[in-house]
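An overview of the molecular structure
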Amino acid sequence: MRVVKVCRACDRIIGEIELDDLTNANSDPIMDIVGNVSYTLCPGCLNDMETEPKGVFH
Ligand SMILES: [Zn+2]
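Residues numbered from 1 in each chain as written. Predicted model: local features only at pLDDT ≥ 70, side-chain atom pairs only at ≥ 80, totals over all residues.

1. What about the overall build of the protein chain?
Secondary structure summary: the protein chain contains 2 helices and 4 strands in total. Ordered by position in the sequence, the α and β elements of the protein chain form the string β-β-α-β-β-α. When each of the 58 residues of the protein chain is scored for burial, the buried share is 7%. Residue pairs in contact within the protein chain that sit at least 24 positions apart in sequence constitute 50% of those at least 6 positions apart. (Helix = DSSP H or I, 4+ residues; strand = E, 2+ residues; numbered from the N terminus. Buried ≥ 20, exposed ≤ 12 C-beta atoms within 10 Å, placed from the backbone. Contact = placed C-beta atoms within 7 Å.)

2. Description of the pairing of strand S2 (residues 13–18)
Little of S2 is tucked away, with 0 of its 6 residues classed as buried. Taken together, the 5 bridges between strand S1 (residues 2–7) and S2 define a ladder with antiparallel strand orientation. Residue pairing across strands places Arg2 opposite Glu18, the latter belonging to S2. Between S1 and S2, which pair antiparallel one after the other, the connecting turn spans 5 residues, and Asp11 there sits at a positive phi close to 60 degrees. (Pairing = 2+ DSSP bridges.)

3. Observations concerning the pairing of S1
A regular strand carries its side chains on alternate faces of the sheet. Bridging between S1 and strand S4 (residues 37–40) involves 4 bridges; their strand directions are parallel. Paired with Cys7 across the two strands is Thr40, which belongs to S4.

4. Points about the sheet that holds S2
One open sheet holds the 4 strands; their spatial order is S2-S1-S4-S3, and the pairing between them is mixed. The open sheet has two free edges, formed respectively by S2 and strand S3 (32–34), since each of these has just one partner strand. Each strand of the sheet is rotated relative to its neighbour by a mean of 30 degrees, with strand direction disregarded. (Axes fitted to C-alpha atoms, helices over the stretch in contact; angles between N-to-C directions.)

5. Details of the confidence of the model for the protein chain
Of the residues in the protein chain, 71% reach a pLDDT of 70 or more, and the chain-wide mean stands at 81. Across the protein chain, the element-wise mean pLDDT spans from 56 in helix H1 (residues 22–25) up to 93 in S1. (pLDDT = per-residue confidence, 0-100.)

6. Quick word on unusual backbone geometry
Phi is positive for Asp11, close to 60 degrees, though the residue is something other than glycine. Tracing the sequence through the fold places Asp11 in the loop between S1 and S2.

Right, dumping it as structure tokens:
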């Protein structure tokens, strides 16, 4: 099964991955698969989340 990875923060398409077993995807806590779209975070947004103080918006 092919799923498209989309960043949930900036809606950027990150790429496509091939998933043979959906239980593998569940090992990634930031990944949320809906249909054949996998909502996750691109490296840029993930980096922002890790460096920004939590819950603080400009
Ligand atoms: Zn992003």
